[in-house]
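Read off the chains here:
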Amino acid sequence: MAWPSKEKCSAPWGWAGSAADPVDSSHLGLSAIWRTAWWGRCRAESGPKVALFRHRPQGLRAMCIGSLDKRKDTGVPDQVPDMTFSLNLCLGGMCPHHPPVALGLECDLAQHLAGQHLAKALVVKALKAFVRDPAPTKPLVLSLHGWTGTGKSYVSSLLAHYLFQGGLRSPRVHHFSPVLHFPHPSHIERYKKDLKSWVQGNLTACGRSLFLFDEMDKMPPGLMEVLRPFLGSSWVVYGTNYRKAIFIFISNTGGEQINQVALEAWRSRRDREEILLQELEPVISRAVLDNPHHGFSNSGIMEERLLDAVVPFLPLQRHHVRHCVLNELAQLGLEPRDEVVQAVLDSTTFFPEDEQLFSSNGCKTVASRIAFFL
């Protein structure tokens, strides 16, 4: 890995304490805020999913308010996003280059992330608290868990998109894959040295950075140990202020346990939105700690409670996959076609064998299946 360049550290979009501090819109009525967001300088000009709604402000307004007004208790305190706060972020000086947070991240999650009430609530709550704090005591550390195709990578890419100009292509966003960056377990000591240098060097260049670690199930055990000093609540590590960084870990571990909880809820006729974080967090943590091949193994990260949130992603049912198909058709600029939607659903494998309830690949293969049936 090459040493990071010492380029200027530009403040991420909407970050507390940035040069482009958002103006105070708390005195505005909700309708005025929405009009400002849609027709003022905060109108979304980038991001294909936001662009879908650019000419339908009333429809999106109704969709967002309707989604945010679903006040079922998920076990996540203060789960309903603060619209005024979010729009405060979007009214800052960097607004012309980024979609508004409220109309972007929150509405993107509401419209496009199917079946994930816990993930939506946790991510929005954690991010909102973190970016509004001008002096956080530790970096934001999230661990995303769930079955394949349930939206983990999608959510992490959205966070990059709405926080950093250029999204995943931003020089402040660093994406690590075990297959690409750490393919040989026998080289673990070299990988530790390189990873520590990379993180430290980039945080020295810019403390406001995002580090994504994909496929934690395949990371060499012990590698993540070098990150432990960067994830805690100390003020300075190796002479580097790292408290405004964000670390996101993505893993399939815990997916089977999450699926089992969701299946039992369905069998007992409980609505999936009634599944609480308290039911899932312990079983996910145990699945990670019991897996000697997980990237957190021998790292001390979970044992020392350095994660701010364990974010569960529930398995997707048939109507969620249908939702994904319709969204993908809209992305392609195509009208919904019942025969295409049904063909994709018919070609999707569901489990368990008796109930045929959950998609084996979530929405991961929807795009390729649509291309086949068009």
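Worth saying up front: this structure is predicted, and the values here are computed from it rather than measured. (Residues numbered from 1 in each chain as written. Predicted model: local features only at pLDDT ≥ 70, side-chain atom pairs only at ≥ 80, totals over all residues. Heavy atoms only, no water.)

Student: Sorry if this is basic, but what is going on with the overall build of the chain here?
Tutor: Within the chain, the secondary structure is distributed over 15 helices and seven strands. Within the chain, buried positions represent 54% of all 374 residues. Put simply, of all contacts in the chain between residues at least 6 apart along the chain, 79% involve residues at least 24 apart. Accessible area of the chain: about 16800 Å², with a carbon and sulfur share of 52%. (Helix = DSSP H or I, 4+ residues; strand = E, 2+ residues; numbered from the N terminus. Buried < 20%, exposed > 50% of the residue type's maximum accessible area, 1.4 Å probe, protein only. Contact = heavy atoms within 4.5 Å. Areas by Shrake-Rupley, 256 points an atom, 1.4 Å probe, with all protein chains shown as cover.)

Student: Which parts of the structure should I look at to understand the sheet that holds strand 3 (residues 210–213)?
Tutor: Consider a sheet: its strands pair through backbone hydrogen bonds, and that pairing is either parallel or antiparallel. A sheet is described by the order of its strands in space; here five strands give the open sequence 2-3-4-1-5, paired in parallel fashion. Strands at the two margins of the open sheet, each flanked by one partner only, are strand 2 (173–176) and strand 5 (309–313). Across the sheet, the mean angle from the axis of one strand to that of its neighbour is 15°, orientation sign disregarded. The strands touched by helix 12 (residues 277–289) are strand 1 (140–146) and strand 5; relative to strand 5, the strand with the most contacts, the crossing angle is about 100°. (Pairing = 2+ DSSP bridges. Axes fitted to C-alpha atoms, helices over the stretch in contact; angles between N-to-C directions.)

Student: Is there a simple way to think about the environment of Val-283 in this case?
Tutor: Within the secondary structure layout, Val-283 lies in helix 12. Overall, Val-283 belongs to the partly exposed group, its relative accessible area being 28%. Sequence-wise, Val-283 and Gly-254 are 29 residues apart; in three dimensions their C-alpha atoms are separated by 7.1 Å.

Student: Honestly, the pairing of strand 1 in this entry has me stumped. Any pointers?
Tutor: Regular strands place side chains that alternate from one sheet face to the opposite one. Burial analysis of strand 1 places seven of its seven residues in the buried class, the great majority of the element. Pairing analysis gives six bridges linking strand 1 to strand 4 (residues 246–251), with the strands arranged parallel. By the bridge assignment, Val-141 is partnered in strand 4 with Phe-247. Judged from the five bridges that link them, strand 1 and strand 5 form a sheet pairing that is parallel. Across the sheet, Ser-143 pairs through a bridge with Val-310, a residue of strand 5.

Student: Before we go on, may I ask you to explain the packing of helix 14 (residues 338–346) against helix 15 (residues 366–373) in this structure?
Tutor: Geometrically, a packed helix pair is captured by the angle between its two axes and the distance between the axes. At a minimum axis distance of 9 Å, the contact between helix 14 and helix 15 shows a crossing angle of 125°. With respect to their mutual orientation, helix 14 and helix 15 come out oblique. Relative to helix 15, helix 14 is oriented so that their crossing is right-handed. Contacts between helix 14 and helix 15 involve Val-340, Ala-343 and Val-344 on the former and, on the latter, Arg-369, Ile-370 and Phe-373. Each residue belonging to the contact of helix 14 with helix 15 can be placed in one class, and the counts come to five nonpolar, no polar and one charged. (Parallel < 35°, antiparallel > 145°, perpendicular 65-115°, else oblique. Left-handed = near helix turned anticlockwise from the far one by under 90°. Nonpolar A, V, L, I, M, F, W, Y, C, P; charged D, E, K, R; others polar.)

Student: Can you walk me through the packing of helix 13 (residues 318–331) against helix 15 in this structure?
Tutor: Running from amino to carboxyl end, helix 13 crosses helix 15 at an angle of 65°, the nearest separation of the two axes being 10 Å. Note on packing geometry: the crossing formed by helix 13 with helix 15 is right-handed. Here Val-321, Cys-324, Val-325, Glu-328 and Leu-329 of helix 13 come into contact with helix 15, specifically with Val-366, Ala-367 and Ile-370. Looking at the contact of helix 13 with helix 15 residue by residue, the classes come out as seven nonpolar, no polar and one charged.

Student: Explanation requested: the confidence of the model for the chain in the structure shown.
Tutor: Note that predicted coordinates carrying low pLDDT should not be read in detail. Averaged over all residues, the pLDDT of the chain is 78; the fraction at 70 or higher stands at 70%. Predicted confidence for residues 18–71 stays below pLDDT 50, and this span has 94 contacts to residues more than four positions away or in other chains. Predicted confidence for residues 79–100 stays below pLDDT 50, and this span has 82 contacts to residues more than four positions away or in other chains. (pLDDT = per-residue confidence, 0-100.)

Student: Mind showing me how you'd approach unusual backbone geometry here?
Tutor: Trans is the common state for peptide bonds, and a negative phi is the common state for residues other than glycine. Across the junction of Phe-351 and Pro-352, the peptide omega takes the value -5°, indicating a cis bond. Position of Pro-352 relative to the elements: it lies in the loop between strand 6 (350–351) and strand 7 (358–359). Even without being a glycine, Arg-269 presents a positive backbone phi close to 65°. Residue Arg-269 is classed as exposed on the basis of its relative accessible area, which comes to 80%.

Student: Please clarify how the state of the cysteines should be interpreted in this entry.
Tutor: Between two cysteines, a covalent bond joining their sulfur atoms is known as a disulfide. Inspection of every chain in the model, using the stated rule, returns one disulfide. Paired by a disulfide, Cys-324 and Cys-363 hold their sulfur atoms 2.0 Å apart. Taking the torsion about the sulfur-sulfur bond, which here is approximately 85°, the covalent link between Cys-324 and Cys-363 counts as right-handed. Taken together, the residues Cys-324 in helix 13 and Cys-363 in the loop between strand 7 and helix 15 connect sequence positions 39 residues apart. Relative accessible area serves as the criterion here: at 13%, Cys-324 is assigned to the buried category. (Disulfide = S-S within 2.5 Å.)

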